[in-house]
Amino acid sequence: FTSIIRDEEGRKFSKSLNNSPDPLDVIHTYGADALRFTIIYLAPIGQDIRYSNQKCEIGRNFATKIWNAARFRNRYGFSARANDNLEDIKTSNLRSDDQWILARCNELISQVTQALNNFYFHEATHTIYDFFWNEFCSWYLESCKSVFDEAESEVPCSMRVFDAVFSSFLRILHPFMPFVTEEVFHQLGFAEEDDSIMCATWPKEWTTADLERLGATEEQKQLVIHKFELIRGIRNIRTSYQIPPSTPIHTIVQPSDQKHTQFLHSEIDSIKTLTNATDVQVQDEQNSLTGPKATAVTSIGTAYVPLEGLIDIAAEKERLKTQEEKILSRIEKSETKLQNENFLQRAPAEVVEKERQNLQDQQDKLNRVREHLAALE
């Protein structure tokens with residue numbers, strides 16, 4: 001069930017072609033775990049893979065991400081130990097982000113265990129990578145920073161959850177990256193000095209009753225996912241209007257329905273932290289904000305960010321109008337080409353389709369630019 005590893009040109013490794021990398025050189029440059037993880041990550045069942053040493057940066061960067069997460073946790077000492085048994089934790093002491101990551105960790109354990117039982121190693125590595133990079137680090141770890149910084153003598157429940165999830169992740173990753181997981185497992189105090197992660201039990205899924213007791217239900221998970229969508233929308237406003245991440249903003253959120261109102265009221269601090277907002281107001285009634293404002297429409301509600309004082313309105317209008325003129329010019333050229341019968345008849349089908357897609361992309365850009373211009377009025 002292993003693929004043939006070829007070079008980037010699709011040729012088999014051969015001494016005569018001088019295209020065979022020495023594994024020891026690769027390990028010296030990138031690390032054994034990086035090579036091991038990258039090969040599995042790149043190798044779907046039944047398909048050959050095209051390999052280059054540079055692709056081992058996938059595994060090396062992943063290992064670096066794990067080290068950075070461990071360093072973040074180590075700043076707060078060993079107040080909490082890895083313990084899958086969270087029976088003493090009350091639901092009222094958990095944040096929605098804690099409940100979300102517990103639900104996602106439970107799904108991770110289930111999916112990776114099933115993939116390994118079926119020898120789907122490639123699928124397992126992608127599941128592990130996406131969970132840790134895009135969910136645990138990008139969202140959960142970021143949400144924990146303010147909670148951990150404010151913790152004094154009492155160990156916050158979020159720290160217990162963080163350790164339980166991190167411990168489960170390391171044990172699941174261990175078959176693929178045995179060295180870094182062993183080291184981090186000890187550095188975080190999850191094992192005694194003379195013990196090994198190899199002797200640790202494989203993580204077990206929490207029961208439905210456990211998840212319900214902790215509030216890590218499917219409904220709660222979806223609410224948090226929608227909250228993250230809202231936060232991404234607010235962050236995109238920063239990007240669209242070139243507002244620096246360090247510049248605080250004021251945000252007004254109008255919930256999409258009554259069901260989301262109470263949840264958003266309870267998430268104000270989280271939204272403030274993850275968007276660097278000085279103030280977040282949840283308003284049930286129709287927004288009456290006047291003046292230039294940016295808008296982000298999401299499943300859970302609509303976010304409004306007043307732009308007065310954040311940007312140079314006149315300069316931003318000028319920039320957008322210039323951009324609008326350039327896009328209109330590109331649209332005109334594309335439409336002329338697609339109306340030319342000679343082009344449609346003589347050009348390969350894929351070239352014509354590419355031009356049609358280009359026209360659609362330019363029209364989408366034009367719509368976004370005009371939306372931004374309207375928001376500045």
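Given the structure is predicted, the values throughout are model-derived calculations rather than measurements.

(A) Geometry of unusual backbone geometry. Its identity as a non-glycine residue notwithstanding, Asn-18 has a phi of 55°, on the positive side. If you trace the backbone, Asn-18 turns up in the loop between strand S1 (5–6) and helix H1 (23–30). With a phi angle near 55°, Gln-242 is a residue other than glycine that sits in the positive phi range. When you line up the elements, Gln-242 lands in the loop between helix H9 (218–240) and strand S3 (249–255). By relative accessible area, which is 55% here, Gln-242 ends up exposed.

(B) Looking closely at the pattern of salt bridges. Tallied over the entire structure, the rule returns 17 salt bridges. For Glu-324, the salt bridge goes to Arg-370, with nearest N and O atoms at 2.8 Å. Within this pair, whereas Glu-324 is found in helix H12 (residues 313–338), its partner Arg-370 is found in helix H14 (residues 349–375), the two being separated by 46 residues in sequence. In this structure Arg-370 comes out as partly exposed when scored by relative accessible area, which is 40%.

(C) Spotlight on the environment of Ser-266. Following the sequence through the fold, Ser-266 ends up in helix H10 (residues 258–266). By relative accessible area, Ser-266 is classed as exposed at 52%. Residues Ser-266 and His-122, spaced 144 residues apart in sequence, show a C-alpha to C-alpha distance of 39 Å. Among the polar contacts made by the side chain of Ser-266, one reaches the main-chain carbonyl oxygen of Phe-263 at a distance of 2.6 Å.

(D) Region of interest: the packing of aromatic side chains. Tallying each qualifying case throughout the model produces 28 aromatic pairs. Ring centres of Phe-37 and Tyr-41 lie 5.8 Å apart, and the angle between their planes is 25°; this geometry places the pair in the stacked category. Highlighted residues: Phe-37 and Tyr-41, both in helix H2 (residues 32–42), separated by 4 residues, approximately one helical turn. Using a relative accessible area of 0% as the deciding quantity, one classes Phe-37 as buried. Relative accessible area serves as the criterion here: at 14%, Tyr-41 is assigned to the buried category. The ring of Trp-133 is capped by Lys-65, whose NZ or CZ atom sits 4.7 Å from the centre of that ring. Directly above the aromatic system of Phe-343 lies the positively charged group of Lys-337, at a separation of 5.7 Å from the ring centroid.

(E) Geometry of the pairing of S3. The element S3 is extensively covered by neighbouring structure, given that 6 of its 7 residues are classed as buried. For S3 and strand S4 (residues 277–282), the ladder comprises 5 bridges, and the chain directions are parallel. In the strand pairing of S4, Ile-252 is matched with Gln-281. Summarising the sheet, S3 and strand S6 (residues 301–306) pair through 4 bridges and their orientation is antiparallel. In the sheet register, Val-253 faces S6, and the bridge partner there is Ala-303.

Cut-offs applied
- Residues numbered from 1 in each chain as written.
- Predicted model: local features only at pLDDT ≥ 70, side-chain atom pairs only at ≥ 80, totals over all residues.
- Heavy atoms only, no water.
- Helix = DSSP H or I, 4+ residues; strand = E, 2+ residues; numbered from the N terminus.
- Buried < 20%, exposed > 50% of the residue type's maximum accessible area, 1.4 Å probe, protein only.
- Salt bridge = Lys/Arg side-chain N within 4 Å of Asp/Glu carboxyl O.
- Polar contact = N/O pair within 3.5 Å; in protein donor to acceptor, adjacent residues only side chain to side chain.
- Phe/Tyr/Trp six-rings, centres within 6.5 Å; stacked < 30°, edge-to-face > 60°.
- Lys NZ or Arg CZ within 6 Å of the ring centre and 35° of its normal.
- Pairing = 2+ DSSP bridges.

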